[in-house]
Amino acid sequence: MKILAIETSCDETAVAIVAFEQKGEVTEVQILGDAIHSQTKIHEQYGGVFPTLAKREHAKNLPPLLEQALKQAGFWKDEYCDISQYRKNFEELFSHEEGLAEATLALVSRIQKPAVDAIAVTSGPGLEPALWVGINFAKALAGAWQLPLFPINHLEGHIVGSRLTPKEKHSNILTNVRMFYELGSVKYPALALVVSGGHTELNLIKTPLVYERIGETQDDAAGEAFDKVARMLGLPYPGGPHVSRLAEEARDKNIPSPVVLPRPMITSKDLHCSFAGLKTAVLYAIKELGTLTEDQKKGLAREFEDAVVEVLVKKTAKALIDTGARALVVGGGVSANTKLRADLTELVKREFPDVDLFIPTPQLTTDNAIMVATAAFERMNAGEKGADSIRAQGVMPLSK
């Protein structure tokens, strides 16, 4: 089964072609093509993602990224294909994206239908203007190539994609390296921790693809708090990795924090969390300390990161006990955080040795189309046939 997937939920534009083959209980995954363009440099001056600019960049980058992914997969053959009958449909779909209808028509008319079985696209949650670009691009391709179309929840993509374990690499003339993964099987019930710039939540996965949200942030997401604290410390966007770098330096050199920060809701009896108060505590500390020395910055970054990670680990531990989960799946951009990965790994090893832990490789923690394809495979494997209509949803919970 081969799936072409598209991701445009925020500031990464991504197209991937992924092949799945089930061999008994094992699912082998081969990344045939993977093209991605990050807009980080463009949004850096705004200190965050500017939605209309993200939308424009997605429209500009999707056609060349599709061509790149098709060529990597070996599906590109210059051969004229008459798709003039789809011109009106393309123009209607891309009425708000200047030049995208012509660019897509020009691209699709140069090749025959590629050997893929379905198209998948992120439909939410995310920035609605950005989501619509990817959705309409996917609709255009699905219509022209007569393929089923699968709308994918971005959070489910992170959860399912976290189960991909690298197996081997093979050289390839076009890509130099072609990745092979194995999609790990999960014991149910399972617990999913999604931690990113827009979401921080715990979901109980009762059975495959059936979710119940049992805990979430009451205000800022963890990744959002990292970015806001980074701005307070004068660090560039995106700030999370820069805060973590300073925190690591503080640990390596045993630099203490100039203040003790709170661990909001860490002792609450529920599974919710809160990071707005922690962020405010950092702001007040900086105002009280005045101009920070480099060591004070590093110590404060360490204390902030420690506070966030301690809360996340404590809530995850409580959720594992409360639910009796047999697996823990961690996903989202903040799952790249070295301390969070280490502390969750230690938690499971020390207190829950019978729980299977899935944490994505660092390359798959960011938004990508590989995870979108993998989530679509799971949906297809469950017997779903695709959707007749898709709409962008800025807010799109996993639980129904």
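Above this text is the structure in question.
Residues numbered from 1 in each chain as written. Predicted model: local features only at pLDDT ≥ 70, side-chain atom pairs only at ≥ 80, totals over all residues. Heavy atoms only, no water.

Chemist: Tell me about the sheet that holds strand β11 (residues 327-331), and please be specific about residues and values.
Modeler: If you trace the five strands from one edge of the open sheet to the other, you get β10-β9-β8-β11-β12, paired in mixed fashion. In this open sheet, the two strands that pair with only one neighbour each are β10 (210-216) and β12 (356-358). Taken over all neighbouring pairs, the strand axes of this sheet differ in orientation by 20° on average, direction set aside. As paired strands, strand β8 (residues 190-195) and strand β9 (residues 200-207) are joined by six bridges and run antiparallel to one another. Paired with Ala192 across the strands is Asn203, a residue of β9. (Pairing = 2+ DSSP bridges. Helix = DSSP H or I, 4+ residues; strand = E, 2+ residues; numbered from the N terminus. Axes fitted to C-alpha atoms, helices over the stretch in contact; angles between N-to-C directions.)

Chemist: Any details on the packing of aromatic side chains? Residues and values, ideally.
Modeler: Tallied over the full model, the rule gives three aromatic pairs. When the ring of Phe20 is compared with that of Phe377, the centres are 4.5 Å apart and the planes differ by 5°; the resulting orientation is stacked. Of this pair, Phe20 sits in strand β2 (residues 12-23) while Phe377 sits in helix α12 (residues 369-381), and the two are 357 residues apart along the sequence. Relative accessible area serves as the criterion here: at 5%, Phe20 is assigned to the buried category. Relative to Phe304, the ring of Phe226 lies with its centre 5.0 Å away and its plane at 75°, an arrangement referred to as edge-to-face. Within this pair, whereas Phe226 is found in helix α7 (residues 222-232), its partner Phe304 is found in helix α10 (residues 294-323), the two being separated by 78 residues in sequence. In this structure Phe226 comes out as buried when scored by relative accessible area, which is 4%. Its relative accessible area of 0% is what places Phe304 among the buried residues. (Phe/Tyr/Trp six-rings, centres within 6.5 Å; stacked < 30°, edge-to-face > 60°. Buried < 20%, exposed > 50% of the residue type's maximum accessible area, 1.4 Å probe, protein only.)

Chemist: Tell me about the nonpolar core, and please be specific about residues and values.
Modeler: Judged by nonpolar contacts, the single largest core of 49 residues is most densely connected at Leu191, Leu233, Phe275, Phe304 and Val308. Of all the elements in the fold, those that place two or more residues in this core are β8, β9, α7, α8 (240-253), α9 (276-289), α10, β11 and α11 (338-351). Considering every element that reaches this core, the biggest residue donor is α10, with 12 residues. The contacts of Phe304, once residues within four sequence positions are left out, are Ala225, Phe226, Val229, Val243, Leu261, Leu278 and Val282. Counting 45 residues, the second largest nonpolar core, distinct from the first, contains Cys81, Ala144, Leu147 and Ile390. (Core = buried A, V, L, I, M, F, W, Y, C linked by side-chain atoms within 4.5 Å. Contact = heavy atoms within 4.5 Å.)

Chemist: I'd like to hear about the side chain of Thr122, residue by residue, with values.
Modeler: Looking at the element boundaries, Thr122 is found in strand β4 (residues 118-124). In this structure Thr122 comes out as buried when scored by relative accessible area, which is 0%. Of note is the side chain of Thr122, whose polar atom sits 2.6 Å from the side chain of Glu7. When residues no more than four places from it in sequence are discounted, the contact partners of Thr122 are Ile6, Glu7, Ser9, Leu131, Ile135, Ile152, His154 and Val372. (Polar contact = N/O pair within 3.5 Å; in protein donor to acceptor, adjacent residues only side chain to side chain.)

Chemist: Kindly report on the environment of Leu202, identifying the contributing residues and their values.
Modeler: Among the secondary structure elements, Leu202 is positioned in strand β9. Take Leu202: its relative accessible area is 3%, and that puts it in the buried class. C-alpha of Leu202 to C-alpha of Glu212: the two residues are 10 residues apart in sequence and 8.5 Å apart in space. Apart from residues lying up to four places away in sequence, Leu202 is in contact with Leu191, Ala192, Leu193, Glu212, Arg213, Ile214, Gly215, Leu271, Lys315, Thr316 and Ala319.

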